[in-house]
Amino acid sequence: MNANLKSVQPSADAVARARIDLAACYRLADRFGLNEGIDNHLTLMVPGFADRFLLAPFGMHWSEVKASDFMVVNFNGEVLSGQGAVEPTALYIHQPVHRLSPQGRCVLHTHMPYATALCMLENPRLEMAVQSALGFYDDVAYDATYNGLAYDVSEGERLARALGDKSVLMMANHGVLVVGTTIPRAFERLYFLERAAQAQVLALSTGRPLQLIPEATIQKTIAQFAAGGEVGGRDRSELHFDALKRVLDRSHSDYAS
Ligand SMILES: [Zn+2]
């Protein structure tokens, strides 16, 4: 058991907030076109627990997921509360990452189009050729092996090892895993990863070569990102996620119910 996942007495408020934020995450991923059919999965460790996570019942469209829909699923795949089916790859990809990755309180797996397009290439690397990509400098792992559907825990454990201490895993011929210690941080990574991949794919579609950013400029910009991580005393990712939730509140407020 990971030491960072030690169980503590959960607060009912923390769990309720987590459910609302995870529902928002599903709705926003749908809004930005990051989902694929009813597949892919977004999960969050239940606050205060080290052995169970929140998962939407399989079969729901991401545009209809509500805070009250989530099942609580333990690491054996047993549904502890809520109702619905646990899709096998949701269990076998997400359980090992939650269990083995200290940074994986929130685990987002999608086949979002532009990042997945990069995962189809012989060289899937996110190039340091646009400002939004610089936020991922030295934070992307690449798994070069596609093994078909993850139908056993060993495949998820292999993916967790491939992820290592990074926040992004580009999965060859498949999609991405993005993790974070909180939902806002993980969603921020998912969103900007897709935006950076989109810019790269569009640039490459011109058939002209990319102009890479010089290493010294990369380092300078990364230092600027680090210094500007908080604005007005608040984390940028939280400000972004709060803004996105206000958008949902105006048009799809049932997500929080
Ligand atoms: Zn997948």
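Remember, predicted model here, so these are calculated numbers, not experimental data.

## Re the nonpolar core
Okay, so step 1: Of all hydrophobic cores here, the largest spans 58 residues; its most connected members are Leu22, Tyr26, Val176 and Leu193.
Okay, so step 2: Leu193 has contacts with Met112, Ala115, Leu126, Phe136, Val168, Met170, Val176 and Val178, leaving out every residue within four places of it along the chain.
Okay, so step 3: Grouped together as the second largest cluster of nonpolar side chains are 12 residues, Val97, Ala160, Leu163 and Leu177 included.

## A few points about the environment of Gly148
Okay, so step 1: Mapped onto the fold, Gly148 is located in the loop between β6 (140-143) and α5 (153-163).
Okay, so step 2: Relative accessible area serves as the criterion here: at 25%, Gly148 is assigned to the partly exposed category.
Okay, so step 3: Taking C-alpha positions, Gly148 is 34 Å from Gln131, a pair spaced 17 residues apart along the chain.

## A short note on the packing of helix α1 (residues 12-31) against helix α8 (residues 236-251)
Okay, so step 1: Between α1 and α8, whose axes approach to 10 Å, the crossing angle comes to 80°. One finds that α1 runs roughly perpendicular with respect to α8. On the side of α1, the interface is formed by Asp21, Ala24, Cys25, Arg27, Leu28 and Arg31, while α8 contributes Phe241, Leu244, Lys245, Val247, Leu248 and Ser251.
Okay, so step 2: Counted by class, the contact of α1 with α8 contains 7 nonpolar, 1 polar and 4 charged residues.

## Points about the coordination of the zinc ion
In an ideal tetrahedron of four donors about a metal, each angle is 109.5 degrees. In an ideal octahedron of six donors, the angles are 90 or 180 degrees.
Okay, so step 1: In the first shell of the zinc ion, the protein supplies His109 (NE2), His111 (NE2) and His174 (NE2), at 2.0 to 2.1 Å from the metal.
Okay, so step 2: Between the donor residues of the zinc ion, the gaps in sequence give the motif H-x1-H-x62-H. Of the two residues, His111 is situated in the loop between β5 (106-110) and α3 (113-119) and His174 in the loop between β7 (168-171) and β8 (175-180); the sequence distance between them amounts to 63 residues. The two residues His111 and His174 agree in class, both being buried.

## What about the pattern of salt bridges?
Okay, so step 1: Taken as a whole, this structure holds 12 salt bridges when the rule is applied.
Okay, so step 2: In this structure, Asp21 engages Lys245 in a salt bridge whose closest nitrogen and oxygen atoms are separated by 2.6 Å. Separated by 224 residues along the polypeptide, Asp21 in helix α1 and Lys245 in helix α8 bring together distant segments of the chain.
Okay, so step 3: Accessibility expressed as a relative area gives 16% for Lys245, which makes it buried.
Okay, so step 4: Because the salt bridges share partners, they merge into one network encompassing Asp143, Glu155 and Arg158.

## Some words on a nonpolar patch on the surface
Okay, so step 1: Side chains of Tyr146, Leu149 and Tyr151 sit close together on the surface and give an oily, nonpolar patch of about 350 Å² of accessible area.
Okay, so step 2: As for its placement among the helices and strands, Tyr146 is situated in the loop between β6 and α5.

## What to know about the side chain of Asn35
Okay, so step 1: Along the chain, Asn35 falls in the loop between α1 and β1 (41-45).
Okay, so step 2: Here the side chain of Asn35 touches Asp30 through a polar contact of 3.3 Å, side chain to side chain.
Okay, so step 3: Not counting residues up to four positions away in its chain, the partners in contact with Asn35 are Ala29, Asp30, Asn40, His61 and Trp62.

## What to know about the pairing of strand β3 (residues 71-74)
Okay, so step 1: On β3, burial covers both faces: Met71 and Val73 on one face and Val72 and Asn74 on the other are all buried.
Okay, so step 2: As judged from the 4 bridges shared by strand β2 (residues 52-55) and β3, these two strands associate in the antiparallel manner. When the sheet's bridge partners are listed, Arg52 is paired in β3 with Asn74.
Okay, so step 3: Where β3 hands over to strand β4 (residues 79-81), the hairpin turn is made up of 4 residues, of which Gly77 adopts a positive phi near 85°.

## Description of the sheet that holds β1
Okay, so step 1: An order of β4-β3-β2-β1-β5-β8-β7-β6 is seen for the 8 strands of this open sheet, with the pairing classed as mixed. With one partner strand each, in any of the chains shown, β4 and β6 form the two edges of the open sheet. Strand-to-strand twist of the sheet, defined as the mean angle between neighbouring strand axes without regard to direction, takes the value 25°.
Okay, so step 2: Together, β1, β2, β3, β4 and β5 form the strand contacts of α1, whose direction differs from that of β1 by roughly 160°.

## Side note on helix α6 (residues 183-204)
Okay, so step 1: With 22 residues, α6 should reach 32 Å at 1.5 Å per residue; the first-to-last C-alpha distance of 31 Å fits that figure.
Okay, so step 2: One side-chain oxygen of the residue at the start of α6 lies 3.2 Å from the amide nitrogen of Arg185, identifying that residue as Thr182.

Rules and cut-offs
- Residues numbered from 1 in each chain as written.
- Predicted model: local features only at pLDDT ≥ 70, side-chain atom pairs only at ≥ 80, totals over all residues.
- Heavy atoms only, no water.
- Core = buried A, V, L, I, M, F, W, Y, C linked by side-chain atoms within 4.5 Å.
- Buried < 20%, exposed > 50% of the residue type's maximum accessible area, 1.4 Å probe, protein only.
- Contact = heavy atoms within 4.5 Å.
- Helix = DSSP H or I, 4+ residues; strand = E, 2+ residues; numbered from the N terminus.
- Axes fitted to C-alpha atoms, helices over the stretch in contact; angles between N-to-C directions.
- Parallel < 35°, antiparallel > 145°, perpendicular 65-115°, else oblique.
- Nonpolar A, V, L, I, M, F, W, Y, C, P; charged D, E, K, R; others polar.
- Donors = N, O, S within 2.8 Å, 3.2 Å for Na, K, Ca; no water.
- Salt bridge = Lys/Arg side-chain N within 4 Å of Asp/Glu carboxyl O.
- Patch = residues over 30% accessible without salt bridge, like charges linked within 9 Å, V, L, I, M, F, W, Y side chains within 5 Å.
- Areas by Shrake-Rupley, 256 points an atom, 1.4 Å probe, with all protein chains shown as cover.
- Polar contact = N/O pair within 3.5 Å; in protein donor to acceptor, adjacent residues only side chain to side chain.
- Pairing = 2+ DSSP bridges.
- Expected span 1.5 Å × (residues − 1).

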